[in-house]
Amino acid sequence: MKPRQVWAVAKADFKERMRRPPVYMAMAVAAFLCYLSIIGQATVTMDGCRGVWNSAWSAGTMAVMATSFLTLICFFVIRNGVQRDEETGVGRLMAATPLSGFSYLLGKCLSNFAVLLVVSTVFLAAAPILQWHEHGGFRFELWGFVNPFLYVTVPASAFVASVAVLFECHPWLKRGLGNVLYIMVWTEMLRESGMSNRGWTDMVGFYGFMKSTHAAATAQGIAVSEHSLNIGHAEAAHWSTFVWNGFAFHWRDILLRAEWFFVSAALVLVATYFFKRFNPDSKPAIQLRVPAFLGRKRDVIEPAAGKWETELLKLTTLNGSMRRGRFFSIVRAEIKLILKGVPKFLYVVLGIANFIALMPAEKDGPSGAGVLAFLWIVPVLVWSQMGAREQSPYARPLIFSAPHSFLRQLPAEWMAGFLIALGGSLGVGLRFLAQRQWEHLGVWFSGAAFIASLAIACGTWSRSTRLFQGLYTGWWYLAMNNAPNMDFTGVTGQRHPWGYFVTGGILFASAMAQRWWFTERAAALRTMGWFRRGMAARKAVAM
């Protein structure tokens, strides 16, 4: 490994990333979160207590929020460096050089780390504004602002940067399954950091933050639980305040946080084992034999009669009947495309769950809403294709060259996703209908419409599957934990069918507007040009 090569890879990749919109979108969202914190809608408290608004506590509040944001949302922002080189062909050029795989991946990891630090500067810059807004009467201290970010945010960013590289290189984790799995691992690591007493498993640094603030509050005679960190909106008639001056950085604390830099280097080394240096003919490092009846059905391509033989096709013009299109035929084709490649065991799992939903209700048995929540998280990778599949480089010219494709293809794709959501949970719907639970039935229909609209909107605007996979899984997780107004399945007793019908309509309308602008803007601009020229001609005649 040559440090100059690693630096060159990291520098080039960082410059490329900073030219792309996702980083600036992440910084805009980070600025909005900082605004919510400044106005008091999102803050950090501990069991009815909080620190006085000095530099350390203001920066600690921002550092905790930054770590939560960087480790979840920004993971999907940085997880495309290796994939982009593979799609653009740059990777094959680099593979032909003496550059080693470890040097290349380490450079990508450093680039990811740098991007995360750039986004975290938004929270760092907001810390003095928060202290000034709260009028705590304390002077600004540079070390007080930097101290919490060095302990909490920087090691967590290094770990997430290496995990993103590993997920891009692993043959299973680089697909949509990896996005869903990361959401689950992230929630478990947050729980481990907030509930356990093990500093060596504290990746996000929340345990160290709670331990340090608990020691400061206890020394000042304020009783506070050690595991009582609350991130979000909190109200109280009276806050008990204490003075916290930041982390002391004893040698044990330094070792516990430096541990994650060594873990990050180890993960990059593991990723090198799975990295195939952009060779499409290489086989995965680990292969498992799947039974034939559970595997995917692969298409058999018959060889052509001659290598250079071609067949000239006679193209005909579209007549009036063909211009009208066939909506339900397109819906059927969209369903086949969405479900193509789905493994058979997934149908078996959905069938068993639907059979359980049809069973007579028992006191301790699963409820219809509980089964529905399970049925609507299993096909997340299936729905994530919607809106993004037709925008791939090879499909885009074929789909969007059709006349008025956004009026034909997008509504049909939404209907296909809606029918898949209903068909995949048909047993739950029949149970609600048999028991005459009309409100639950409305939740069933509105939830299916919301899922299809969210998938279409995410795929259309982001042109990738990652946004829906991350957003939908996080939404589902919050709904299962009884977050207000987030439950679209009715499992927690919250039922907002009309609200989700309206939300789905807004999401679908935004997707239609984006697709119309993408495919029909040339005609719209021509019409606007004709209108402007007509108005100019009228003014000239009037003069």
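Residues numbered from 1 in each chain as written. Predicted model: local features only at pLDDT ≥ 70, side-chain atom pairs only at ≥ 80, totals over all residues. Heavy atoms only, no water.

Here's the deal with the overall build of the protein chain
This is how it is decided: The helix count covers DSSP runs of H or I at least four residues long, the strand count covers runs of E at least two residues long, and both are numbered beginning at the N terminus. The buried label applies to any residue whose accessible area, calculated with a 1.4 Å probe on protein chains only, is under 20% of its type's maximum; exposed applies above 50%, and partly exposed to all values in between. Note on contacts: a residue pair is in contact if any heavy atoms of the two residues lie within 4.5 Å. Values of accessible area rely on a 1.4 Å probe in the Shrake-Rupley scheme; residue burial ignores everything except the protein chains shown.
Assigned secondary structure in the protein chain consists of 21 helices and four strands. Taking all 543 residues of the protein chain together, the buried fraction comes to 45%. Put simply, of all contacts in the protein chain between residues at least 6 apart along the chain, 80% involve residues at least 24 apart. Of the roughly 29,700 Å² of accessible surface on the protein chain, 66% is carried by carbon and sulfur atoms.

With respect to the packing of helix H3 (residues 55-78) against helix H6 (residues 101-134)
Here is the rule we go by: The axes used here are C-alpha line fits, helices contributing only the stretch in contact, and every angle between their N-to-C directions lies in the interval 0 to 180 degrees. An angle counts as roughly parallel when it lies under 35 degrees, as roughly antiparallel when it exceeds 145, as roughly perpendicular when it falls between 65 and 115, and as oblique in every other case. When the near helix sits turned anticlockwise from the far one by under a right angle, the crossing is termed left-handed; a clockwise turn instead gives a right-handed crossing.
Taken N-terminus to C-terminus, the directions of H3 and H6 make an angle of 150°; their axes are 8 Å apart at the nearest point. The angle between H3 and H6 places the two elements in the roughly antiparallel class. For the pair H3 and H6, the crossing hand works out as right-handed. For the pair H3 and H6, the contacting residues are Ser55, Ser58, Ala59, Thr61, Met62, Met65, Ala66, Phe69, Leu70, Cys74 and Ile78 in the first and Asn112, Val115, Leu116, Val119, Ser120, Phe123, Ala126, Ala127, Leu130 and Gln131 in the second.

Section: helix H2 (residues 21-38)
Note that an α-helix has 3.6 residues per turn; residues three or four places apart therefore point the same way. Spelled out, the test is: In this scheme, a helix's expected span is set at 1.5 Å multiplied by one less than its residue total. The arc in question is traced by the directions running from the helix axis to the C-beta atoms.
The end-to-end C-alpha distance of H2, which contains 18 residues, comes to 26 Å, matching closely the 26 Å that a straight helix rising 1.5 Å per residue would cover. Looking at H2, one finds that the buried residues are Val23, Ala26, Ala30, Cys34, Ser37 and Ile38. Along H2, the residues classed as buried sweep out an arc of 120° about the axis, all on the same side. Of the exposed residues in H2, the ones pointing more than 90 degrees away from its buried face are Pro21 and Met25.

Let's talk about helix H12 (residues 327-339)
Taking 1.5 Å of rise per residue, the 13 residues of H12 would be expected to cover 18 Å, and the 18 Å separating its terminal C-alpha atoms lies within 8% of that figure. Where H12 is buried, its residues touch helix H15 (380-383) and helix H17 (405-424).

Describing the environment of Gln409
Just so we agree on the cut-off: The definition of a polar contact used here is a pair of N or O atoms within 3.5 Å, where within protein one atom must be able to donate a hydrogen and the other to accept one, and adjacent residues in sequence count solely through side-chain atom pairs.
If you trace the backbone, Gln409 turns up in helix H17. Sequence spacing of Gln409 and Val331 is 78 residues, and the spatial spacing of their C-alpha atoms is 8.4 Å. Those residues in contact with Gln409, other than ones at most four positions away along the chain, are Glu334, Glu390, Ile399 and Arg515. Within the structure, Gln409 has its side chain in polar contact with the side chain of Arg515 (distance 3.1 Å).

Digging into the packing of helix H8 (residues 176-195) against helix H20 (residues 466-480)
Any two packed helices are characterised by the angle at which their axes cross and by the distance between the axes. Orientation of H8 relative to H20, taken along the N-to-C sense of each, is 35°, at an axis distance of 9 Å. In this structure, H8 crosses over H20, and the sense of that crossing is right-handed. Each of Gly176, Asn179, Val180, Ile183 and Thr187 in H8 lies in contact with H20, whose residues at this interface are Arg466, Gln469, Gly470, Thr473, Gly474 and Tyr477.

Side note on the pattern of salt bridges
What counts here: The rule for a salt bridge is simple: a side-chain nitrogen of Lys or Arg has to be within 4 Å of a carboxyl oxygen of Asp or Glu.
This model, assessed by the stated rule, comprises 13 salt bridges. Between Arg84 and Asp13 there is a salt bridge, and its shortest N-O distance comes to 2.6 Å. Of this pair, Arg84 sits in helix H4 (residues 81-88) while Asp13 sits in helix H1 (residues 3-18), placing them 71 residues apart in sequence.

Brief notes about the nonpolar core
Soluble globular proteins tend to bury their nonpolar side chains together. Going by this rule: Only buried Ala, Val, Leu, Ile, Met, Phe, Trp, Tyr and Cys residues count toward a nonpolar core, and they belong to the same one when joined by side-chain atoms within 4.5 Å.
If you look at the biggest cluster of nonpolar residues, it comprises 84 residues, and the most contacted ones within it are Met62, Leu105 and Phe123. The contacts of Met62, once residues within four sequence positions are left out, are Cys34, Ser37, Ile38, Phe123, Ala126, Ala127, Leu130 and Phe149. In this structure, Leu375, Phe406, Leu422 and Leu441 belong to the second largest nonpolar core, which totals 50 residues.

Observations regarding the packing of aromatic side chains
How we decide: Each Phe, Tyr or Trp ring (for Trp, its six-membered ring) is paired with any other whose centre lies within 6.5 Å, and the angle between the two planes then decides the class: stacked below 30 degrees, edge-to-face above 60, tilted in between. For a ring to carry a charge above it, either NZ of a lysine or CZ of an arginine must fall within 6 Å of the ring centroid while also lying within 35 degrees of the normal to the ring plane.
Per the stated rule, a full pass over the model turns up 37 aromatic pairs. Ring centres of Trp414 and Phe418 lie 5.2 Å apart, and the angle between their planes is 5°; this geometry places the pair in the stacked category. Remark: Phe418 and Trp414 occur in helix H17; sequence separation between them is four residues, near one turn of the helix. Across the pair, Phe418 and Trp414 agree in class, each one buried. An aromatic cluster of at least three residues, connected via ring pairs, comprises Trp57, Trp143, Tyr151, Phe209, Phe242, Trp244, Phe247 and Phe249. The cationic tip of Arg257 hangs over the ring face of Tyr151; the distance from NZ or CZ to the ring centre is 5.1 Å.

Quick word on unusual backbone geometry
Even without being glycine, Phe249 reaches a positive phi, approximately 55°. Note that Phe249 resides in the loop between strand S4 (240-242) and helix H10 (251-274). Relative accessible area serves as the criterion here: at 24%, Phe249 is assigned to the partly exposed category. Despite not being glycine, Arg277 has its phi angle at roughly 55°, a positive value. Topologically, Arg277 is positioned in the loop between H10 and helix H11 (320-324).

Observations regarding the pairing of strand S1 (residues 43-46)
Along a regular strand, successive side chains alternate from one face of the sheet to the other. Threshold: In this description, strands pair whenever DSSP reports at least two bridges between them.
Side chains Thr43 and Thr45 of S1 all project onto a buried face; the interleaved residues Val44 and Met46 project onto the opposite face, where all are buried too. The pairing of S1 with strand S3 (residues 229-232) spans four bridges and is antiparallel. Opposite Thr45, over in S3, you have Asn230 as the bridge partner.

Concerning the environment of Thr61
Topologically, Thr61 is positioned in helix H3. Looking at Thr61, the relative accessible area reads 0%, which means it is buried. In the structure, Thr61 is positioned 87 residues away from Pro148 in sequence and 8.7 Å away in space, judged by C-alpha atoms. Discounting chain neighbours no more than four positions away, the residues touching Thr61 are Ser37, Thr43, Val44, Trp53 and Leu130.

Some thoughts on the confidence of the model for the protein chain
Fine structural detail should not be taken from predicted coordinates in areas where pLDDT scores are low. Note the threshold: Across the chain, each position has a pLDDT score giving the predictor's confidence in that residue, from 0 to 100.
The pLDDT averaged across the protein chain works out to 82; a share of 86% of its residues lies at or above 70. Low confidence marks residues 299-312, where pLDDT is under 50. Its contacts with residues over four positions away, or in another chain, come to one contact.

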